[in-house]
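Understanding the architecture of this molecule
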Amino acid sequence: MRWDNLAENATSTRDAALFGTDAVTTRTFDTPEFRGITFHEIRARSIVNRVPGASRMPFEWTVNPYRGCTHACVYCFARKTHSYLDLDTGLGFDSQIVVKINAPALLRRQLASRQWQGAHIAMGTNVDCYQRAEGRYRLMPGIIAALRDHANPFSILTKGTLILRDLELLRQAAQVTDVGVSVSVGFTDQELWRTVEPGTPSPERRLDAVRTLTDSGIGCGVLMAPVIPFLGDSADQLRATVRAIAASGATSVTPLVLHLRPGAREWFMAWLREHHAYLVPRYERLYAEGAYAPKWYQRRITRQVHELADEFGIGPAGRAGRRTPAPERVDVTPEPGPTQLTLL
């Protein structure tokens, strides 16, 4: 197993040294929610990562306290990242979870650096920071507290309802900086959810979380992602999903069509052959040019979702007349002395 560039004491980005057994602690927990999952606890040397310039992402910096994800979404584009550590991108991605146990303390140190200019930090953009592991390791409270104490703007994207545990911290942070929260709900079809996102909370529970966040003064948008061709893109499915999103009180809905990058593509296509073999030729044609569906298909889905959003009152026109209530002001003065926090 290769851990270069993750070590707190690594000497060179070109080194291909493996961690010794004293640098990585591997744990398993004999509880139902973690059965079959292995956690590799490491002490990272860096936690704020610059997004490559060629990326399509609308942000420059990210924090990812975990690698691998127990949500086990068959389409997850982050699967390829497991290969960098010589870990399997299929079942291994779902069950071999890397935990950067020093993430909160390391982030606090980096935010205090004179070199840091207070840029926006996005979280949940690689793997979900509110996956099941977070319930045990509790890294996000320390991460949010560090961002709050430095008034550093940030955003979170998640499929995990565990974010509600940190609602008060989010409210505090929103008093001193820009905080963006989005929940990912690509469809409300129960059968599709159970097969392609087996480790996630149900779409209904996620939308309940949207309602709770919004009612608490944390405006929450929905990333309608992914829209899965031929399985979740019928007119009726899109209408049902946008209707449910609107009913949740979401501040916006943004559709994103499934993309299949290397690593994710192989795993998703294997799943497709097993469960919907008749669709394989259609997918091979639709994604013949690469990881993204053709522009005409993306535009069609975007147009349909935007029209439905307008119909249900969460398009631009509907949002103009609504105001998101601000959370009441709270005291966010940091406690004196260093804060020692652990976990990703």
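We now turn to the structure provided with this report. (Residues numbered from 1 in each chain as written. Predicted model: local features only at pLDDT ≥ 70, side-chain atom pairs only at ≥ 80, totals over all residues. Heavy atoms only, no water.)

1. Quick notes on the sheet that holds strand β5 (residues 66-67)
- Strands sit in the order β1-β2-β6-β5 across an open sheet of 4 strands; the sheet is mixed. Lying at the two open borders of the sheet, with one neighbouring strand each, are β1 (25-28) and β5. (Pairing = 2+ DSSP bridges. Helix = DSSP H or I, 4+ residues; strand = E, 2+ residues; numbered from the N terminus.)

2. Quick notes on helix α8 (residues 203-215)
- With 13 residues, α8 should reach 18 Å at 1.5 Å per residue; the first-to-last C-alpha distance of 18 Å fits that figure.
- Listing the buried residues of α8 in full gives Pro203, Arg206, Leu207, Ala209, Val210, Leu213 and Thr214. Down the axis of α8, the smallest arc covering the buried residues is 150°, so these residues share one side. α8 presents Asp208 and Asp215 as exposed residues on the side facing more than 90 degrees away from its buried surface. (Expected span 1.5 Å × (residues − 1). Buried < 20%, exposed > 50% of the residue type's maximum accessible area, 1.4 Å probe, protein only. Arc of directions from axis to C-beta.)

3. Points about the side chain of Asp94
- Looking at the secondary structure, you find Asp94 in helix α2 (residues 91-95).
- A polar contact of 2.9 Å, which involves the side chain of Asp94, links it to the side chain of Arg79.
- Apart from the residues lying within four places of it in its own chain, the contact partners of Asp94 are Cys69, Thr70, Ala72, Arg79 and Trp267. (Polar contact = N/O pair within 3.5 Å; in protein donor to acceptor, adjacent residues only side chain to side chain. Contact = heavy atoms within 4.5 Å.)

4. Some thoughts on the sheet that holds strand β9 (residues 179-184)
- With mixed pairing, 7 strands are arranged side by side in an open sheet as β3-β4-β7-β8-β9-β10-β11. Two strands close off the open sheet at either side, each with one partner strand: β3 (48-50) and β11 (253-257). For this sheet, the mean inter-axis angle between neighbouring strands, taken without regard to orientation, is 25°.
- Where strand β4 (residues 61-63) lies against strand β7 (residues 121-123), 3 bridges are found, and the strand directions are parallel. From the neighbouring strand, Val63 faces β7, where its bridge partner is Met123. (Axes fitted to C-alpha atoms, helices over the stretch in contact; angles between N-to-C directions.)

5. Some words on the nonpolar core
- Leu107, Ile121, Met123, Ile156, Ile228, Phe268 and Tyr283 are the most contacted members of the largest nonpolar core, which totals 88 residues.
- The element contributing the most residues to this core is helix α5 (residues 140-149), with 6 residues.
- Grouped together as the second largest cluster of nonpolar side chains are 5 residues, Val24, Ile42, Leu85 and Val98 included. (Core = buried A, V, L, I, M, F, W, Y, C linked by side-chain atoms within 4.5 Å.)

6. Observations regarding the pairing of strand β2 (residues 38-42)
- Burial runs high along β2: 5 of the 5 residues are buried.
- Across the two faces of β2 the burial is the same, with Thr38, His40 and Ile42 and Phe39 and Glu41 all buried.
- Where β2 lies against strand β6 (residues 96-100), 5 bridges are found, and the strand directions are parallel. Among the inter-strand pairings, Thr38 is bridged to a residue of β6, identified as Gln96.

7. Here's the deal with the layout of surface pockets
- Space inside the largest pocket adds up to approximately 1,200 Å³.
- The wall of the largest pocket is formed by 46 residues, among which Phe77, Leu157, Leu223, Ala225 and Leu256 lie closest to the centre.
- Every element with two or more residues in the lining of the largest pocket is listed here: β8 (154-158), β9, β10 (220-227), β11 and α12 (295-311). (1 Å grid on protein atoms, 1.4 Å probe; cavity = no way out; pocket = protein on both sides within 12 Å on 5 of 7 lines; lining within 4 Å. Points joined across faces, edges and corners; volume = space filled by probe spheres on them.)

8. Structural notes on unusual backbone geometry
- In this structure, the amide linkage connecting Ala225 to the following residue, Pro226, adopts the cis form with an omega of -5°.
- On the secondary structure map, Pro226 appears in strand β10.
- One non-glycine residue, Asp86, lies in the positive phi region at around 60°.
- For Phe230, which is not glycine, the phi dihedral falls at a positive 70°.
- Considering the arrangement of structural elements, one finds Phe230 in the loop between β10 and α9 (235-247).
- Taking relative accessible area as the criterion, Phe230 reaches 25% and is therefore assigned partly exposed.

9. As for the pattern of salt bridges
- This structure, assessed with the given rule, holds 12 salt bridges.
- Glu60 is the partner of Arg50 in a salt bridge, and the nearest nitrogen-oxygen pair spans 2.3 Å. With Arg50 in strand β3 and Glu60 in the loop between β3 and β4, the pair connects residues that are 10 residues apart, well separated along the chain.
- Note on Arg50: relative accessible area 53%, which makes it exposed.
- Of the charged contacts, one joins Arg239 and Glu311 as a salt bridge, the two residues approaching to 2.9 Å between their closest N and O atoms. Remark: Glu311 occurs in helix α12 and Arg239 occurs in helix α9; sequence separation between them is 72 residues.
- A relative accessible area of 28% means that Arg239 is categorised as partly exposed.
- Judged by its relative accessible area of 48%, Glu311 falls in the partly exposed class.
- It is possible to trace a salt-bridge network through shared partners that takes in Arg108, Arg148 and Asp149. (Salt bridge = Lys/Arg side-chain N within 4 Å of Asp/Glu carboxyl O.)

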